[in-house]
Amino acid sequence: MEPKSQKTPVPAVERKTLDAAEIGAVAHLYRGEVYRSTIWRTRLDTTTNWAVVTLGVALSISFSSPDASPLPLVLVGVLIILFLMLEARRYRYFNVWRARARWLETHFYAPLLYDGDLHMEENWQKVLAEDYLRPRYHVSLMIAIGRRIRRNYLWILLIQSLAFGVKLSVHPSPVEDFKQAIDRADVGPIPGEVLIVTGVLYILCWSLIAIWSYRMDGRRASHRGSEKSESMG
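Quick caveat: nothing in here was measured; it's all calculated off a predicted structure.

(A) Broad picture of the packing of helix α1 (residues 20–62) against helix α2 (residues 71–114). Closest axis-to-axis distance for the α1/α2 pair is 8 Å, and the angle between their directions is 165 degrees. By the angle between their directions, the pair α1 and α2 is classed as roughly antiparallel. For the element pair α1 and α2, the recorded crossing hand is left-handed.

Next up, the structure:
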């Protein structure tokens, strides 16, 4: 009885290129990611517009007459922070689509246009596939908050604080000394000193978050520039 011949397993050959149909599929994938990032970018603008409109309403109420209360300028800060939180959450979604589109631009389209070689030996396609198989946020919530503050909300918060200070300074008559300004800041049982100190801490905290996120983004950028990055974030 002759022994059965055993077939030697053929090692799988790693593909180093894409055929025409696969390139077309990747092109359609890129179009879809750009579309999704555009939609979510529009949603970011919506929350910023809400914050600007509510601040405008508070300014109109507080400066409608010399006897009008500055309280709306204080209360609108709650709404502005709410919109900031919503926008940061939306930004995390937007950043996923933007990062994927950018990844395709730098690893698919740029090499294709530059020398016609997709450089698939660098395994950029596996990083993208892993992101589709196990989707995740590419930035933390605090980083997203800091970025949105730097882009838009720091200016909104500064205008709110400046308007509150101007209101205390000119209405119902020009302020004569700092103590008078503090007395005008009184809101019901809350002393003006507490309100002013809280406002300073309010601006300082958001400014520190913006500075921290700026430094973290700088570290991430330097890391990507010094090493072969395998992260899309």
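After that view, the rundown keeps rolling.
(B) Region of interest: the packing of aromatic side chains. Considering all chains together, one arrives at seven aromatic pairs under this definition. Here Trp-40 and Tyr-93 contribute two aromatic rings whose centre-to-centre distance is 4.9 Å and whose plane-to-plane angle is 20 degrees, an arrangement assigned as stacked. Highlighted residues: Trp-40 in helix α1 and Tyr-93 in helix α2, separated in sequence by 53 residues. Assessed through its relative accessible area of 16%, Trp-40 is described here as buried. Take Tyr-93: its relative accessible area is 26%, and that puts it in the partly exposed class. Aromatic side chains Tyr-93 and Tyr-137 sit 5.4 Å apart centroid to centroid with 85 degrees between the ring planes, which places their arrangement in the edge-to-face category. With a gap of 44 residues between them, Tyr-93 in helix α2 and Tyr-137 in the loop between α3 (124–133) and α4 (141–170) connect regions that are remote in the sequence. Among the aromatic residues, those joined into a ring-pair cluster are Tyr-30, Phe-108, Tyr-109 and Trp-124. Between Arg-36 and the ring centre of Trp-97, over which it is positioned, the NZ or CZ distance is 3.9 Å. The ring of Trp-40 has Arg-43 lying over it, and the distance from NZ or CZ to the ring centre is 4.5 Å.

Definitions and limits used
- Residues numbered from 1 in each chain as written.
- Predicted model: local features only at pLDDT ≥ 70, side-chain atom pairs only at ≥ 80, totals over all residues.
- Heavy atoms only, no water.
- Axes fitted to C-alpha atoms, helices over the stretch in contact; angles between N-to-C directions.
- Helix = DSSP H or I, 4+ residues; strand = E, 2+ residues; numbered from the N terminus.
- Parallel < 35°, antiparallel > 145°, perpendicular 65-115°, else oblique.
- Left-handed = near helix turned anticlockwise from the far one by under 90°.
- Phe/Tyr/Trp six-rings, centres within 6.5 Å; stacked < 30°, edge-to-face > 60°.
- Buried < 20%, exposed > 50% of the residue type's maximum accessible area, 1.4 Å probe, protein only.
- Lys NZ or Arg CZ within 6 Å of the ring centre and 35° of its normal.

Read these as spatial facts, not as claims about activity.
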